[in-house]
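Given next are the chains, with one letter for each unit.
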Amino acid sequence: SNNRYTLFMPFSAQLAFSKPLLHDRLVLSAGLQYRFIPGYYPYGYVKVNYFLKKDMVISGSAAAGGYSKFNLGFEFAKSWKYFDFTIGSSNLIGLFMPGYFPGTALFLRMGTSF
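Residues numbered from 1 in each chain as written. Predicted model: local features only at pLDDT ≥ 70, side-chain atom pairs only at ≥ 80, totals over all residues. Heavy atoms only, no water.

Novice: I keep staring at the overall build of the protein chain and nothing clicks. Help me out?
Specialist: Summing up its helical and strand segments, the protein chain has one helix and seven strands in all. Seen in sequence order, the protein chain has helices and strands lined up from the N terminus as β-β-β-β-β-β-α-β. Computed over C-alpha atoms, the radius of gyration of the protein chain comes to 18 Å, more than 25% over the 13 Å expected from 2.2 N^0.38 for 114 residues, which places it beyond the range of a compact globule. Split into buried and exposed, the 114 residues of the protein chain put 25% on the buried side. A separation of at least 24 residues holds for 24% of the contacts in the protein chain among residues at least 6 apart in sequence. (Helix = DSSP H or I, 4+ residues; strand = E, 2+ residues; numbered from the N terminus. Rg over C-alpha atoms; globule rule 2.2 N^0.38 Å. Buried < 20%, exposed > 50% of the residue type's maximum accessible area, 1.4 Å probe, protein only. Contact = heavy atoms within 4.5 Å.)

Listed below in structure tokens is the structure:
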């Protein structure tokens with residue numbers, strides 16, 4: 001057939017930078033992300049990780065773009081010898097005001113290694 005057609009191919013591109021500070025107890029990260037998906041805006045973020053102990057970290061983030069105008073996030077992670085646990089949200093405001101800040105996110109991540 002000689003008919004023309006268009007095919008939508010979603011993709012993503014990401015650029016990230018991290019800098020350890022305070023003898024590696026504090027890590028500052030920043031990045032940009034673009035996803036070729038309808039309704040998705042270029043996403044920029046700044047994230048701070050603070051290591052309470054070598055195996056325990058709390059994180060805070062601020063971002064703009066994606067499916068929402070503005071995001072504030074929080075995360076807690078703990079590692080043991082064979083098990084990892086993380087709980088957090090990349091859009092806390094969206095959890096409480098989804099009509100104004102769509103794109104809510106709440107996650108629980110568990111993993112094991114052996």
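Novice: Would you take a moment to explain the pairing of strand β7 (residues 105-112) for this structure?
Specialist: One face of the sheet, then the other: side chains in a regular strand alternate in exactly this way. Burial within β7 is sparse, with just zero of its eight residues counted as buried. With seven bridges joining them, strand β6 (residues 83-91) and β7 adopt antiparallel strand pairing. Bridge assignment links Asn91 to a residue of β7, and that residue is Ala105. (Pairing = 2+ DSSP bridges.)

Novice: What am I meant to see in the pattern of salt bridges here?
Specialist: Between side chains of opposite charge, a pair can form as their charged atoms come close. Evaluated as defined, the whole model comprises three salt bridges. Residue Lys78 pairs with Asp55 through a salt bridge whose shortest N-O separation is 2.8 Å. Of the two residues, Lys78 is situated in strand β5 (residues 68-79) and Asp55 in the loop between β3 (41-53) and β4 (56-66); the sequence distance between them amounts to 23 residues. Each of Lys47, Glu75 and Arg109 takes part in one network of salt bridges that share partners. (Salt bridge = Lys/Arg side-chain N within 4 Å of Asp/Glu carboxyl O.)

Novice: Looking at this structure, I do not really get the packing of aromatic side chains. What am I missing?
Specialist: Pairs of aromatic rings are described using the distance from one ring centre to the other and the angle between the two planes. According to the stated counting rule, one finds four aromatic pairs in the structure shown. Centre to centre, the rings of Phe11 and Phe36 are 5.4 Å apart; their planes meet at 25 degrees, and the pair counts as stacked. Here Phe11, found in the segment before β1 (12-21), pairs with Phe36, found in the loop between β2 (26-35) and β3; they are 25 residues apart in sequence, far enough to count as distant. Within the aromatic cluster, the residues linked to one another by ring pairs are Phe11, Tyr34 and Phe36. (Phe/Tyr/Trp six-rings, centres within 6.5 Å; stacked < 30°, edge-to-face > 60°.)

Novice: Looking at this structure, how should I read the sheet that holds β1?
Specialist: Hydrogen bonds between backbone groups are what pair the strands of a sheet, and the pairing can be parallel or antiparallel. The strand order β1-β2-β3-β4-β5-β6-β7 describes an open sheet built from seven strands, whose pairing is antiparallel. Strands at the two margins of the open sheet, each flanked by one partner only, are β1 and β7. Neighbour to neighbour, the strand axes of the sheet diverge by 15 degrees on average, direction disregarded. (Axes fitted to C-alpha atoms, helices over the stretch in contact; angles between N-to-C directions.)

Novice: Help me understand unusual backbone geometry, please; the structure alone is not making it clear to me.
Specialist: Glycine aside, residues mostly have negative phi angles, and peptide bonds mostly take the trans form. Of note, the phi angle at Leu22 is positive, near 50 degrees, even though the residue is not glycine. With respect to the helices and strands, the residue Leu22 is situated in the loop between β1 and β2.

Novice: Where do I start with the pairing of β3 in this structure?
Specialist: Pairing geometry for β2 and β3, over eight bridges, is antiparallel. From the neighbouring strand, Leu28 faces β3, where its bridge partner is Val48. Between β2 and β3, which pair antiparallel in sequence order, lie five residues; one of them, Gly39, sits at a positive phi of approximately 85 degrees. Direction of pairing for β3 relative to β4: antiparallel, over a ladder of 10 bridges. Paired with Lys53 across the bridge in β4 is Met56. With antiparallel pairing between neighbouring strands as the criterion, β3 and β4 make up a hairpin whose turn holds two residues.

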